[in-house]
Amino acid sequence: MCPLSLEIMEDPVTLCTGSGHSFERSWLQKALDRNPFQDPITNIRYEHKLTFGPNRSLKAAIEDWKQKTNYHSALIDSHFQRLRF
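Residues numbered from 1 in each chain as written. Predicted model: local features only at pLDDT ≥ 70, side-chain atom pairs only at ≥ 80, totals over all residues. Heavy atoms only, no water.

## Considerations on the overall build of the protein chain
Where we set the bar: Think of it this way: any DSSP run of H or I at least four residues long counts as a helix, any run of E at least two long counts as a strand, and we number them from the N terminus. Each accessible area is a Shrake-Rupley result for a 1.4 Å probe, and residues are judged covered by the shown protein chains and nothing else.
Counting its secondary structure elements, the protein chain contains three helices and three strands. When the elements of the protein chain are put in sequence order from the N terminus, they spell out β-β-α-β-α-α. Of the roughly 6,200 Å² that the protein chain leaves accessible, carbon and sulfur atoms contribute 56%.

## Focus: the pairing of strand β1 (residues 12-15)
Selection criterion: Two strands are counted as paired when DSSP detects at least two bridges linking them.
Here three bridges tie β1 to strand β2 (residues 22-24), and the two strands are oriented antiparallel to one another. Across the sheet, Val-13 pairs through a bridge with Phe-23, a residue of β2. Where β1 folds back onto β2 in an antiparallel hairpin, the turn is made up of six residues, including Gly-18, whose phi is positive at roughly 90°. Of the pairings in the sheet, the one linking β1 to strand β3 (residues 52-54) comprises three bridges and is antiparallel in character. Residue pairing in the sheet places Val-13 in a bridge with Pro-54 of β3.

## Here's the deal with the environment of Leu-50
Convention followed: A contact between two residues is defined here by any heavy atoms of the two lying within 4.5 Å.
Note that Leu-50 resides in the loop between α1 (25-34) and β3. Placed 18 residues apart in sequence, Leu-50 and Leu-32 show a C-alpha to C-alpha distance of 7.4 Å. When sequence neighbours within four positions are dropped, the list of residues in contact with Leu-50 reads Leu-15, Thr-17, Leu-32, Pro-36, Phe-37, Gln-38 and Asp-39.

## Section: helix α2 (residues 56-69)
Definition in use: In this scheme, a helix's expected span is set at 1.5 Å multiplied by one less than its residue total.
The terminal C-alpha atoms of α2, which comprises 14 residues, lie 20 Å apart, in line with the 20 Å expected from a rise of 1.5 Å per residue. Directly after α2, the chain includes Asn-70, whose backbone phi takes a positive value near 55°.

Below, the structure is given as structure tokens:
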């Protein structure tokens, strides 16, 4: 679960600070657009702009969990509801 969106991540990334926190890419990008020098969880300020990279092992674990639990997003459900006549 992304600590910013509080939702299951689709595209998890790890902030390159050593904190070990992972986020949904789009939510972390929004946070860094507002404050590019500050970790959005620890609030530690750095002297350089923060960067992030893909968290492939977390993405694989989430995909595995989704498959095992037959998980599907509420967002997908809402799209199907709109398509019904």
